[in-house]
Amino acid sequence: MRKILILFAHPKYEHSDVNQALLEKVRPLENVLIRDLYELYPDFNINVQEEQELLFEYEVVVWHHPIYWYSCPPILKQWIDLVLEFGWAYGPGGIYLKNKYVLNAVTSGGSQEVYAHEGRNRFTMEEFLRPFEQTAYLCNMRYLPHFQVGGTHRITKDQLSQKTEEYKNLILRLRDEETITIPYTQKQ
Amino acid sequence: MEGFLFDAIIYIIAAIICVPIAKRLGMGSVLGYLIAGILIGPYAFGFIQDGQSGQDIMHTTEFGVVMMLFLIGLELEPKNLWKMRDLILNVGLTQVLVTTFLIVGVAILFGISWQMSLAMGMAMALSSTAIVLQSLKEKNQLESQSGKMSFGVLLMQDIAVIPILAILPLLATAQLVESGDSHGGILENQPGWVQTLMIFGAIGVVVLLGRFGFGPLLNWVSKTKLRELFTASALLIVVGIAFLMGLVGLSPALGTFLAGVILANSPYKHALESDLDPFKGLLLGLFFMAVGATINFNLIIENPFLIFAGTLGVMLLKVIVLFSIGKFKKLNLQENLSFSFGLAQVSEFSFVIYAFALQLGILTASSSDSLMAITALSMTFTPILMLVLDKAVLSRMDKKDSKTKREADSFEEKNNVILVGFSHFGSTLGRFLRANGIEATVLDYNPDQVDLLRKMGFKVFYGDATRVDMLHSAGAEEAKILISAINSEETNKKLIEVCKENYPHLELMIRAKNRFDAYEYLEMGEENIYREHLDTSIRMGEDALKKLGFRAYTTHRLAAQFRKYDEDALRILAQYKSNKEEYISKVKKQIEQQESFLSSELNKKFSLNDHAWDSEAMKEQK
């Protein structure tokens with residue numbers, strides 16, 4: 001059983017029904033730890049040592065966040081800036097994240113369809129998430145395909161419960177599969 | 001063996017023995033007091049020999065009812081009273097009129113003269129405020145639907161006492177026996193319009209005093225910080241109003257109730273409550289015992305059928321009327337049962353009415369005795385009935401339909417936060433909470449400060465927060481957090497002790513004057529300690545660094561780091577505080593550490609516990 005670390009970033013979580021539903025679905029799962037970054041570090045003063053110790057202990061990392069202006073909320077970028085240190089996460093001696101799995105779990109106001117070359121946003125979600133993919137790549141991590149809940153402003157109850165179920169199954173699969181069979185990218 | 005002290009000992013011992021036993025058996029204190037009264041009365045152990053002394057005590061201790069209504073008034077702000085007008089007028093008036101009418105009807109059927117029937121009917125339509133409210137309070141049902149309806153009915157009955165006492169003389173078959181203690185006070189021999197004018201005048205005086213008189217009085221007294229003087233003033237208010245009401249022939253209970261309602265918005269509300277509560281409890285206890293002691297068992301033994309049939313008949317009738325009203329008001333069965341049975345007894349005011357009617361010659365001595373016995377018995381039976389009802393019927397029904405139980409809306413919303421101290425520190429904190437929709441119950445011990453803040457629209461109460469009764473009236477049972485925004489170490493320590501002992505569920509947040517006070521609080525096991533200077537001094541230092549050319553964000557992070565380090569160091573140092581010598585060297589060590597920590601970090605240009613945005617390390621590698 002792998003240990004899963006969900007790094008969650010939402011500056012107004014109390015107003016996000018979708019993210020609440022997603023988190024409540026996976027919160028009770030064994031070996032899954034949710035770290036609510038805005039709750040832990042309201043002043044952006046991230047405790048690097050503690051975060052690194054946690055990363056060391058967990059095998060799967062989920063960057064769970066809404067998409068704002070085609071990227072993550074600032075605290076997650078702050079987390080990446082501070083925690084993924086040179087000489088620890090990458091560079092000489094930076095071996096501590098090697099072979100760990102990582103993915104983005106994102107929610108977006110726009111539907112999944114508008115994230116396409118023909119769509120309003122002109123690029124796919126995968127393309128918008130390239131910086132995360134490359135961050136993982138540099139750290140020798142295994143970057144998994146992202147999980148997306150789109151059209152959050154108009155989502156129906158049924159659609160949401162289907163999505164939360166999907167999220168739970170994905171987390172369970174990452175936790176329990178003997179070897180993870182989902183294709184990933186990693187530096188060779 | 002005679003004398004006041006001996007009597008006092010008898011009463012108190014009887015109460016101490018009977019009431020706890022009654023409570024343990026789930027009977028409630030009222031029944032306990034009544035039984036204690038019966039035991040010490042002339043027909044059991046005979047400590048109180050004649051019925052007369054029992055009655056004397058009863059009349060004296062009726063004052064407990066007056067006090068109780070004052071305290072209830074304090075809990076009820078005028079706007080809430082206005083909300084209850086439907087309960088008081090419709091439910092209450094219906095109860096009084098219908099019950100009187102039915103009792104009169106039955107009495108006339110039995111061949112009793114109509115005058116006597118009417119006196120009986122009016123007296124017996126009333127229910128005992130003392131018993132009902134005491135039991136409701138004990139069972140915490142004052143704010144349930146049935147509790148509120150009961151209260152409405154009782155209030156209407158208290159008001160009804162006034163016209164009843166006015167009607168009685170009209171029924172008089174004999175000339176009024178001249179005697180010193182007739183009820184009407186100085187107004188008796190005045191013409192009607194003078195009486196009316198005086199009555200309104202008296203009510204006006206009470207309202208004016210409540211609005212403008214009592215506040216300054218209590219303010220003046222509380223500045224002496226002598227608690228007994230404050231208690232004395234509280235007593236003065238209640239006794240004074242009762243006296244005034246008696247003077248114009250109004251019900252003292254009603255007058256003090258009115259004063260209570262007016263003072264419900266006052267900053268001294270909680271302080272008055274906690275000071276008067278013990279008096280009320282003692283007087284009521286004595287009153288119930290006196291009722292028990294005056295039950296004339298000889299009369300019952302001589303004429304058991306009449307007395308018991310009378311008691312049960314009256315109670316049955318009252319229950320039927322109340323139950324119908326409850327049904328009409330759509331109470332569910334469970335609520336309705338406790339509403340109708342709870343109010344089934346006859347009132348303590350009835351004793352007064354019997355005595356007055358006797359004086360007027362409406363009642364004969366023997367009929368008055370029988371009525372008194374019926375009244376006292378009904379007072380004894382209701383708690384027993386309620387007990388049976390609670391244990392046998394209601395608890396079983398509770399299991400069946402606990403879901404249908406109606407959510408009670410409360411007289412007064414309870415706050416989650418108690419804020420102690422409303423100086424500059426506390427008021428800033430209070431404003432911040434309020435800006436975010438959190439109302440705190442605020443206590444302050446400076447009467448002038450309280451008055452000022454009241455004028456500015458803050459709901460601040462005067463009182464010493466280190467007193468358990470004060471915390472109790474401020475709602476410490478229901479609150480989640482108590483914030484102490486005072487900086488006196490002594491007071492804070494006392495507050496921590498009191499809260500820990502009485503309200504362990506309450507989370508404490510303590511303002512500390514300095515590091516050394518903080519150690520004391522840490523040692524007492526408190527976690528949430530806020531040194532008043534810490535954040536401000538660091539913020540100032542931060543700004544100083546910025547003025548010297550430091551970059552703002554870097555400084556900000558350094559400051560946050562420094563703060564965290566200082567808080568951690570405080571907790572480590574607290575463990576060494578008791579050993580003074582070690583403490584001094586530790587302080588030195590900590591300061592040195594702090595300095596070296598910060599300077600070494602600064603030497604690395606920018607870095608705290610990380611290498612973020614720092615390319616030096618990378619450059620070195622190449």
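Note that the structure is a prediction, hence the values are computed from the model and not measured.

A separate point is the overall build of chain B. Regarding its fold elements, chain B presents 27 helices and 6 strands. The contacts of chain B with a sequence gap of at least 6 include a subset with a gap of at least 24, amounting to 72%.

Quick look at the overall build of chain A now. The number of helices and strands found in chain A is 7 helices and 6 strands. Helices and strands appear in chain A in the N-to-C order β-α-β-α-α-β-α-β-α-α-β-β-α. Within chain A, the proportion of its 188 residues that are buried is 32%. Relative to all contacts within chain A whose residues are 6 or more apart in sequence, the contacts with residues 24 or more apart total 80%.

Residues and elements named next belong to chain A. In this structure, tyrosine 70 takes a positive phi of about 65° despite not being glycine. Residue placement: tyrosine 70 occurs in the loop between strand 3 (60-66) and helix 4 (74-83). Looking at tyrosine 70, the number of C-beta atoms within 10 Å reads 13, which means it is partly exposed.

This brings us to the sheet that holds strand 6 (residues 529-531) of chain B. Residue and element names in this part refer to chain B. The parallel open sheet is built from 6 strands, whose spatial order is 3-2-1-4-5-6. Taken across any chain shown, the strands that pair with only one partner, and hence form the sheet edges, are strand 3 (460-462) and strand 6. Sheet twist, expressed as the average angle between the axes of neighbouring strands with direction ignored, equals 20°.

Quick look at the packing of helix 1 (residues 4-24) of chain B against helix 2 (residues 29-40) of chain B now. Residue and element names in this part refer to chain B. Following both chains from N to C, one finds helix 1 and helix 2 inclined at 135°, their axes separated by 8 Å at the closest point. With respect to helix 2, the axis of helix 1 lies oblique. Pair helix 1 / helix 2 crosses with right-handed handedness. Contact residues: Ile10, Ala14, Ala15, Cys18, Val19, Ile21, Ala22 and Lys23 in helix 1; Ser29, Leu31, Gly32, Tyr33, Ile35, Ala36, Leu39 and Ile40 in helix 2. Grouping the constituent residues of the contact of helix 1 with helix 2 by class yields 13 nonpolar, 2 polar and 1 charged.

Bringing the packing of helix 4 (residues 63-75) of chain B against helix 12 (residues 252-263) of chain B into the picture now. Residue and element names in this part refer to chain B. At a minimum axis distance of 6 Å, the contact between helix 4 and helix 12 shows a crossing angle of 25°. Here helix 12 runs roughly parallel to helix 4, going by the angle between their axes. As for the relative orientation of helix 4 and helix 12, their crossing is right-handed in sense. Facing helix 4, whose interface residues are Val65, Val66, Leu69, Phe70, Leu71, Ile72, Gly73 and Leu74, helix 12 presents Pro252, Ala253, Thr256, Phe257, Leu258, Ala259, Gly260, Val261 and Leu263. Class assignment of the residues belonging to the contact of helix 4 with helix 12 gives a composition of 14 nonpolar, 3 polar and no charged.

Residues and elements named next belong to chain B. Looking at where leucine 377 falls in the secondary structure, it is placed in helix 18 (residues 365-400). Judged by local crowding, leucine 377 falls into the buried class, with 23 C-beta atoms found within 10 Å. Apart from residues no more than four positions distant in its own chain, leucine 377 is found in contact with Ile295, Ile307 and Thr311.

Residues and elements named next belong to chain B. Across its 12 residues, helix 2 extends 17 Å between first and last C-alpha, which sits within 8% of the 16 Å expected from 1.5 Å per residue. Counting buried positions along helix 2 yields 12 of 12 residues, so the element is predominantly enclosed. Every buried residue of helix 2 is accounted for by Ser29, Val30, Leu31, Gly32, Tyr33, Leu34, Ile35, Ala36, Gly37, Ile38, Leu39 and Ile40.

The next point concerns the pairing of strand 4 (residues 481-484) of chain B. Residue and element names in this part refer to chain B. The pairing of strand 1 (residues 417-420) with strand 4 spans 4 bridges and is parallel. Each bridged residue has a counterpart across the sheet, and for isoleucine 418 the counterpart in strand 4 is leucine 482. Examined bridge by bridge, strand 4 and strand 5 (residues 507-512) share 4 bridges and lie parallel to one another. Its bridge partner lying in strand 5, isoleucine 483 is registered against methionine 509. Following the chain from strand 4 across helix 22 (residues 489-502) to the adjacent parallel strand 5, one finds a crossover that is right-handed.

With that settled, consider the pairing of strand 2 (residues 32-36) of chain A. By the bridge criterion, 5 bridges tie strand 1 (residues 4-8) of chain A to strand 2 of chain A in an arrangement that is parallel. Looking at strand 2 of chain A, one finds that A:Leu5 is bridged to A:Leu33.

Residue and element names in this part refer to chain B. By the secondary structure assignment, glycine 361 is in the loop between helix 17 (348-360) and helix 18. What makes glycine 361 partly exposed here is the crowd of 15 C-beta atoms within 10 Å. Each C-alpha atom, one on glycine 361 and one on proline 169, is 9.5 Å from the other, the two residues being 192 residues apart in sequence.

Okay, the confidence of the model for chain B next. Residues and elements named next belong to chain B. Of all residues in chain B, 85% attain a pLDDT of 70 or more, and the chain-wide mean is 79. Note on residues 174-184: pLDDT is under 50 here. Beyond four places in sequence and across chains, it has 12 contacts. Taken as a whole, residues 603-607 scores under 50 in pLDDT and shows 5 contacts with residues more than four places along the chain or in a different chain. Our summary of model confidence lists the complex with pTM equal to 0.61 and ipTM equal to 0.77.

Bringing the environment of A:Phe132 into the picture now. Residue and element names in this part refer to chain A. Residue position: phenylalanine 132 is located in helix 6 (residues 130-138). Residue classification places phenylalanine 132 among the buried positions, given that 20 C-beta atoms sit within 10 Å. In this structure the C-alpha to C-alpha distance between phenylalanine 132 and lysine 77, which are 55 residues apart in sequence, comes to 9.7 Å. Residues contacting phenylalanine 132, with those up to four places away along its chain left out, are Trp63 and Asn104.

Calculation notes
- Residues numbered from 1 in each chain as written.
- Chains lettered and ligands numbered in written order.
- Predicted model: local features only at pLDDT ≥ 70, side-chain atom pairs only at ≥ 80, totals over all residues.
- Helix = DSSP H or I, 4+ residues; strand = E, 2+ residues; numbered from the N terminus.
- Contact = placed C-beta atoms within 7 Å.
- Buried ≥ 20, exposed ≤ 12 C-beta atoms within 10 Å, placed from the backbone.
- Pairing = 2+ DSSP bridges.
- Axes fitted to C-alpha atoms, helices over the stretch in contact; angles between N-to-C directions.
- Parallel < 35°, antiparallel > 145°, perpendicular 65-115°, else oblique.
- Left-handed = near helix turned anticlockwise from the far one by under 90°.
- Nonpolar A, V, L, I, M, F, W, Y, C, P; charged D, E, K, R; others polar.
- Expected span 1.5 Å × (residues − 1).
- Right-handed = clockwise from strand over helix to strand, strands pointing away.
- pLDDT = per-residue confidence, 0-100.

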